[in-house]
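Reading the structure
The lines below spell out each chain.
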Amino acid sequence: MRLFVLFLCIVMLGGCEREERQLRLDPPVANVLDQIKLMPNGIGGTPPEVYFALGRPYETNAYNLSEGKRLYSWFGCSACHADGQGGIGPSFLDGWWYYGPEMVSIFASIRDGRPHGMPAFRDKMTTDQIWQLAGYIQTLGAYSAKTAAPSRNDDLQAHPAENRAPAAILFDQGPTPVHPEQGPTP
Amino acid sequence: MTLLQRLAPLMMLPLCSCNGWQSALDPHGESAISLKALILLIVTVCSVVWMLVMIALILALRRSHPPRPRPLQRDPRTARRMGATVIAAVAATVAVISGLTVASFFTTRALAVAGRDDLTIKVSGLQWWWNVEYFGATPDQNFTTANEIHIPVGRTVRFQLEGDDVIHSFWVPSLAGKQDLIPGRPNELSVRAERAGVYRGQCAEFCGLQHAHMAFFVIAENESDFDKWANAQRRPAAQPTDADAVAGQQAFLSKPCAACHAIRGTKATGTSGPDLTHVGSRKYIGAGLFETTRGSLAAWIADPQTLKPGNNMPLVPLSQQDLLSISAYLASLK
């Protein structure tokens, strides 16, 4: 019994560490985070080393994912991609990644734009906002659930919860691409 | 210093809330005055009842009780007296409670009554600010503002209240009672200010992270000042004249600002953020967060998420020059 109580106390200590919220990135860190290395075809690559030194915060931190979700609606992503189902632009929920599911590819798509209509958000968003949004979009089309999830909607949510790995549920083999003029197929 | 002297400042602390621009005990509106009377009535009656009960209790405890050899056998005279006491106590309780209920009913019923010809203002609660729409005689006289409500003194004003995201509550303690703003269910509240002044209001229903920073101001002024203000608000925004503000207008319209904010008279027609047509004329920005100055406007634009974490305005990357000119432009929108 005494051992059990001791164990319980130790487990409860774990609750003392709260997830950290970084409200604003240090400008030098933001500058470095902007320097991703992309493959010549614009698909895949490596993020700067500081990204790993920080512990991949844009994939594992729930606050960043929540901010990404807010940015998704603030910057009008839903005008083309709807609630992840796609429309004028490709869907995220179907699990098809035209430029690969890596964070750097998604980051580059948002920052620099892509052919056939995806605009560049370089001047409209800060570097950490683009990373946050990229992390959220990766979650939308994830095949396996992440350890962190963005907060739930106050209103109706038109797609499965982000922490249920939507693409694993909704993966669609085709052969009907949402938009045939999507650019180079991988 | 005796203990009493030390405690005196502490004991006087609650008195601070008895007046000021946000106090139900310092009423300046018709309904707030009747609510205060109701509060005083209920507190007085309940205090008297409490005192009487306590006195009776103390007397009963202090009375000497002679030993009773056969406690189950009751003297009929005592039994009659006990019965009469219980009946009297029950009757007094029913009378007091129903009296207070009737007083409360008549006081609160009067709060919701407003005539059709009264000035109508629609207030929508959003996380975490207030959208205010004024309705004129014709639709072209309608205008929109935010977080600051002007009303004429001595005239009944009808507020139409509705929440746009979650439930909020509209509360100006010095003028009226609370009324909830519920999404999809419009509520009404009639307010009549009896004295001119600036009254602070506050969201009174927990609505999220920045609930505490969801304030607004009601400015009661005489009829001619109110008309002057309303006419100024109806006009589209002034075109900037000095070079800084002209550059600011350019930057405002080309950056994402215009996607969420409206400035009447320009191409900015966004509706998800507060209307900024006359933002320079309002006393506060950020729903009571800072006084409106060019400096506070610039600070807010530079980093809204640090000043009010969780609010719906993203940090927009701006050059130093753009930030300076946009703040000059917004401060010039009187």
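These figures come from a predicted structure and were not determined experimentally.

Helix and strand counts for chain A stand at 9 helices and 2 strands. Starting at the N terminus and ending at the C terminus, chain A contains elements arranged as α-α-β-β-α-α-α-α-α-α-α. Dimensions of chain A, computed from C-alpha atoms along their principal axes, come out at roughly 65 × 40 × 30 Å. Taken over 186 residues, chain A has a buried fraction of 32%.

The next thing to look at is the interface of chain A and chain B. Interface extent is often summarised as the accessible area lost during association of the parts. Counting residues at the interface gives 10 residues for chain A, matched by 10 residues for chain B. Each residue belonging to the side of chain A that touches chain B can be placed in one class, and the counts come to 4 nonpolar, 2 polar and 4 charged.

Its place among the elements puts B:Asp275 in the loop between helix H6 (257-260) and strand S11 (284-285). Leaving out residues up to four positions away in the same chain, B:Asp275 has contacts with B:Thr144, B:Thr145, B:Ala146 and B:Ala262.

Further remarks concern the sheet that holds strand S9 (residues 197-203) of chain B. Residues and elements named next belong to chain B. Spatial strand order, S4-S10-S9-S6-S7: 5 strands in an open sheet with mixed pairing. Strands with a single pairing partner mark the edges of an open sheet, and in this sheet they are strand S4 (148-152) and strand S7 (179-181). Between one strand axis and the next, the sheet turns through 25 degrees on average, direction left out of account. Pairing analysis gives 2 bridges linking strand S6 (residues 168-171) to S9, with the strands arranged antiparallel. The residue of S9 that forms the bridge with Trp-171 is Gln-202. In the packing of helix H4 (residues 223-234) onto the sheet, the strands contacted are S4 and strand S10 (215-221), and the crossing angle to S4 comes to about 140 degrees.

Residues and elements named next belong to chain B. Strand order across the open sheet formed by 5 strands is S3-S2-S1-S5-S8, with mixed pairing between neighbours. Strand pairing shows two members of the sheet lacking a second neighbour, strand S3 (143-146) and strand S8 (187-191), which therefore form its edges. Across the sheet, the mean angle separating the axes of adjacent strands is 25 degrees when strand polarity is ignored. Relative to S8, strand S5 (residues 157-163) runs antiparallel, the two being bridged by 5 bridges. The residue of S8 that forms the bridge with Leu-161 is Asn-187.

Residues and elements named next belong to chain B. With respect to the secondary-structure elements, Leu-25 resides in the loop between helix H1 (3-12) and helix H2 (30-62). When the 15 C-beta atoms within 10 Å are taken as the criterion, Leu-25 is described as partly exposed. Leu-25 sits 11 residues away from Lys-36 along the chain, and the two C-alpha atoms are 6.4 Å apart.

Here we come to unusual backbone geometry. All names here are of chain B. Following Gln-127, the chain continues into Trp-128 via a peptide bond in cis, with omega recorded as -5 degrees. Inspection of the secondary structure assignment puts Trp-128 in the loop between strand S1 (119-126) and strand S2 (129-134). Non-glycine residue Asn-147 carries a positive phi angle of around 65 degrees. By the element assignment, Asn-147 lies in the loop between S3 and S4. Although it is not a glycine, Ala-287 sits at a positive phi angle of roughly 55 degrees.

Moving on, we get to the packing of helix H5 (residues 62-74) of chain A against helix H8 (residues 127-140) of chain A. All names here are of chain A. The geometry of H5 relative to H8 is characterised by a closest axis approach of 7 Å and an angle of 95 degrees between their N-to-C directions. Considering their axes alone, H5 and H8 lie roughly perpendicular with respect to each other. Residues Asn-64, Leu-65, Glu-67, Gly-68, Lys-69, Leu-71 and Tyr-72 of H5 touch H8, and the partners they reach there are Gln-129, Gln-132, Leu-133, Gly-135, Tyr-136 and Thr-139. The residue inventory of the contact of H5 with H8, partitioned by class, reads 5 nonpolar, 6 polar and 2 charged.

With that settled, consider the domain arrangement of chain B. Residue and element names in this part refer to chain B. Split into domains, chain B comes out as domain 1 (21-53 + 93-234) and domain 2 (243-331). Inter-centroid distance (C-alpha atoms) of domain 1 to domain 2 is 29 Å. Listed by partner, the interface residues are 18 residues for domain 1 and 14 residues for domain 2. Broken down by class, the residue content of the side of domain 1 that touches domain 2 amounts to 9 nonpolar, 8 polar and 1 charged.

All right, on to the nonpolar core then. Core analysis: the biggest nonpolar cluster contains 54 residues, and B:Leu175, B:Val191, B:Val218 and B:Leu330 have the highest contact counts within it. In terms of residue count, helix H9 (residues 320-331) of chain B provides more of this core than any other element does, 5 residues in total. Taken domain by domain, this core gets at least three of its residues from each of domain 1 (21-53 + 93-234) and domain 2 (243-331) of chain B. Those residues within four positions of B:Leu175 in sequence are excluded, and the remaining contacts are B:His28, B:Gly29, B:Ala32, B:Val191, B:Ala193, B:Tyr199 and B:Val218. Counting residues in hydrophobic clusters, the runner-up holds 28 residues, among them A:Tyr58, A:Leu93, A:Leu140 and A:Ala167.

So, how was this worked out
- Residues numbered from 1 in each chain as written.
- Chains lettered and ligands numbered in written order.
- Predicted model: local features only at pLDDT ≥ 70, side-chain atom pairs only at ≥ 80, totals over all residues.
- Helix = DSSP H or I, 4+ residues; strand = E, 2+ residues; numbered from the N terminus.
- Buried ≥ 20, exposed ≤ 12 C-beta atoms within 10 Å, placed from the backbone.
- Contact = placed C-beta atoms within 7 Å.
- Nonpolar A, V, L, I, M, F, W, Y, C, P; charged D, E, K, R; others polar.
- Pairing = 2+ DSSP bridges.
- Axes fitted to C-alpha atoms, helices over the stretch in contact; angles between N-to-C directions.
- Parallel < 35°, antiparallel > 145°, perpendicular 65-115°, else oblique.
- Domains from an automatic or database assignment.
- Core = buried A, V, L, I, M, F, W, Y, C linked by C-beta atoms within 7 Å.

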